[in-house]
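# Structure assessment
Here are the chains, one letter per residue:
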Amino acid sequence: MVLSRAATDSDENVCSTFGSRYVRTSLPKYEIGESSIPKEAAYQIIKDELMLDGNPRLNLASFVTTWMEPECDKLIMESINKNYVDMDEYPVTTELQNRCVNMIARLFNAPLGETETAMGVGTVGSSEAIMLAGLAFKRNWQNKRKAEGKPYDKPNIVTGANVQVCWEKFARYFEVELKEVKLSEGYYVMDPDKAAEMVDENTICVAAILGSTLNGEFEDVKRLNDLLVKKNEETGWNTPIHVDAASGGFIAPFIYPELEWDFRLPLVKSINVSGHKYGLVYAGIGWVVWRTQKDLPDELIFHINYLGADQPTFTLNFSKGSSQIIAQYYQLIRLGFEGYKNVMENCRENMVVLREGIEKTERFNIVSKEVGVPLVAFSLKDHSFHNEFEISEMLRRFGWIVPAYTMPADAQHITVLRVVIREDFSRTLAERLVADIVKVLHELDTLPSKISRKMGSEDFGNVKGKKVERDILMEVIVGWRKFVKERKKMNGVC
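Residues numbered from 1 in each chain as written. Predicted model: local features only at pLDDT ≥ 70, side-chain atom pairs only at ≥ 80, totals over all residues. Heavy atoms only, no water.

### Considering the overall build of the chain
Scanning the chain for helices and strands turns up 13 helices and 13 strands. A total of 494 residues make up the chain; the buried ones form 49% of that total. Within the chain, contacts between residues at least 6 apart in sequence are counted, and of these 70% link residues at least 24 apart. Of the roughly 25,600 Å² that the chain leaves accessible, carbon and sulfur atoms contribute 52%. (Helix = DSSP H or I, 4+ residues; strand = E, 2+ residues; numbered from the N terminus. Buried < 20%, exposed > 50% of the residue type's maximum accessible area, 1.4 Å probe, protein only. Contact = heavy atoms within 4.5 Å. Areas by Shrake-Rupley, 256 points an atom, 1.4 Å probe, with all protein chains shown as cover.)

Structural data, given as structure tokens:
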């Protein structure tokens, strides 16, 4: 005879999550629950809610890697419980990080001998890498000013207005004035001539970008170096250069080897690069390398021994996982120069396919350049009836996440859409995206203009008198942003 008993609410084992009480019970959101729930139920409920996220592979706004080989996924999971900072306990992981630093430094043409060790460190991304490089520049500048008996309380850094927000964070967090070279219509990167003019005796460095976030364009680091060499000779200031190669650092060496932007230029003292972008590793890994050991002041390096041995550390955080470092080493040895070159060439060719498809619609101006990060940034030729924000919103119906945004000062009247071509974006997807853009354009053509309605509303304001096209466009952008914001509030999105 088989004995049986009725299940109770206290049972820990759940035969079917969807047959349990947990799918009809509101789970804790802002306070920890009083009781436990079965692991199967916790997994299924969280997994179901995450289905509402966008598809990472179709997130064309992001430069961050969304696909890796299963073998590397396995390595990541096998090392996910290793704390990288425990160098004495995990010496092989530390050795792998050092190998990555040396490979990357030599890829960037650091002046190293065959047996010489490169100076650099792995970070959680380029934001931390930029903070570390900025601190090194600031301390070197302060030390030089102190030795000369000059004031050292007003450091500044010169960048373009197109820099990523992490540069603004560095300036604000570490009390450095940020001097930005403004953009202009048709020129969306830092002008090296204007940057050199803004340099003064308090400039700790000039930051050049190899791959602008806005349109993927490489800034002219060679021109900037030559201008600063001349200015340094005239003034004796010795102003250095940092290259923010977050996006372009793993692109230029493989498909633009003749381009001079790295340590081949004498004033380039440090470079950061994102391993989790075109280094082809999942989010959570960046690198910063210095030209020589003297470019990183020793007083910024801490030494600790409470984990078992003397360990030098120069990071903003302490504990972090080892998985991404191991994944970066996997990619470097798995792909080699040949493999990275093949991937970057594929990205560039698929970028050309997408670019040509968008041009054939005859509805857009291409804002991005052919040489640079493989992306396509484009803007509507005619804003009379619809704008880029509408196109971005409607493309989401097909699953695509394509951002629309305005340019920084003084080009904020320009609105663009941007598609980033990553390793896992195939030609088939490029052709499908073009087809979906055409569908969206046709649908918008059959609809009344939301912009016109907003321009006629009290919220948007009446257009009085004759206005130039730029003024009208700015009003359209402001009105559309307000419209989208109101819709999000109605939809409960925050």
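### Quick notes on the packing of aromatic side chains
Per the stated rule, a full pass over the model turns up nine aromatic pairs. Taking the centre distance of 5.9 Å and the plane angle of 85° together, the rings of Phe218 and Tyr256 count as edge-to-face. Of this pair, Phe218 sits in the loop between β4 (203–209) and α7 (221–235) while Tyr256 sits in the loop between α8 (252–255) and β6 (268–274); the two residues are 38 residues apart in sequence, bridging distant segments of the chain. In this pair, the class of Phe218 matches that of Tyr256, namely buried. Ring plane angle 65° and centroid distance 6.4 Å describe the contact between Trp400 and Phe425, whose orientation is recorded as edge-to-face. Of this pair, Trp400 sits in the loop between α10 (388–395) and β12 (404–406) while Phe425 is found in the loop between β13 (415–420) and α11 (427–446), placing the two residues 25 residues apart along the sequence. In this structure Trp400 comes out as buried when scored by relative accessible area, which is 3%. The class of Phe425 is buried, set by a relative accessible area of 2%. Among the aromatic residues, those joined into a cluster by ring pairs are Phe250, Phe254, Phe337 and Tyr340. (Phe/Tyr/Trp six-rings, centres within 6.5 Å; stacked < 30°, edge-to-face > 60°.)

### Some thoughts on the environment of Tyr405
For Tyr405, the position within the fold is in strand β12. On the basis of relative accessible area, Tyr405 is assigned to the buried category, the value being 16%. Separated by 13 residues in sequence, Tyr405 and Arg418 have C-alpha atoms that sit 8.5 Å apart. With residues near it in sequence (within four places) discarded, Tyr405 still touches Thr213, Leu214, Phe389, Ile414, Thr415, Val416 and Arg418. Within the structure, Tyr405 has its side chain in polar contact with the backbone oxygen of Leu214 (distance 2.5 Å). (Polar contact = N/O pair within 3.5 Å; in protein donor to acceptor, adjacent residues only side chain to side chain.)

### Side note on helix α4 (residues 126–147)
Taking 1.5 Å per residue, 22 residues should reach 32 Å; α4 reaches 31 Å between its end C-alpha atoms and fits that length. Positive backbone phi, approximately 70°, marks Gly149, located one or two places after α4. (Expected span 1.5 Å × (residues − 1).)

### Looking at the pairing of strand β11 (residues 375–380)
Burial of β11 is extensive: six of the six residues sit out of reach of the surface. Side-chain alternation along β11 places Leu375, Ala377 and Ser379 on one buried face and Val376, Phe378 and Leu380 on a second face that is also buried. In terms of strand pairing, strand β10 (residues 364–366) meets β11 through three bridges, oriented antiparallel. The residue bridging Phe364 from the neighbouring strand is Leu380, located in β11. Bridge analysis of β11 against β13 gives four bridges, and the strand direction is antiparallel. Bridge pairing in β13 places Ala377 opposite Arg418. (Pairing = 2+ DSSP bridges.)

### Quick word on the confidence of the model for the chain
For the chain, per-residue confidence averages 90 on the pLDDT scale, and 87% of positions sit at 70 or higher. For residues 458–465, every residue scores under 50 in pLDDT, and the model assigns this stretch twelve contacts once sequence neighbours within four places are set aside. Under a pLDDT of 50 for its full length, residues 488–494 has, in the predicted model, one contact with residues more than four places off or in other chains. (pLDDT = per-residue confidence, 0-100.)

### Structural notes on the sheet that holds strand β5 (residues 241–244)
Read from one edge of the open sheet, seven strands run β1-β7-β6-β5-β4-β2-β3, paired in mixed fashion. In this open sheet, the two edge strands, each paired with only one partner strand, are β1 (119–123) and β3 (177–181). Adjacent strand axes in the sheet meet at a mean angle of 20°, parallel and antiparallel pairs treated alike. Those strands touched by α7 are β4, β5 and β6, and its axis lies near 170° from that of β5. (Axes fitted to C-alpha atoms, helices over the stretch in contact; angles between N-to-C directions.)

### Re α7
Given a rise of 1.5 Å per residue, 15 residues ought to cover 21 Å, and the 20 Å separating the end C-alpha atoms of α7 matches this to within 8%. Listed as buried for α7 are Val221, Leu224, Asn225, Leu227, Leu228, Lys231 and Asn232.

### So, the side chain of Asp244
Within the secondary structure, Asp244 sits in strand β5. At 3.0 Å, the side chain of Asp244 and the side chain of Asn272 are in polar contact. Here Asp244 is in contact with Ile130, Trp167, Ala208, Ile209, Leu210 and Asn272, once residues within four sequence places are set aside.

### Overview of unusual backbone geometry
The linkage connecting Ala409 with the following residue, Asp410, adopts the cis geometry, with an omega of 0°. In this structure, Asp410 sits in the loop between β12 and β13. Despite not being glycine, Asn109 shows a phi value in the positive range, around 65°. Mapped onto the elements of the fold, Asn109 is located in the loop between α3 (91–107) and β1. A relative accessible area of 36% places Asn109 in the partly exposed class. At Glu362, a residue that is not glycine, the phi angle is positive and equals roughly 60°. Structurally, Glu362 is set in the loop between α9 (323–360) and β10.

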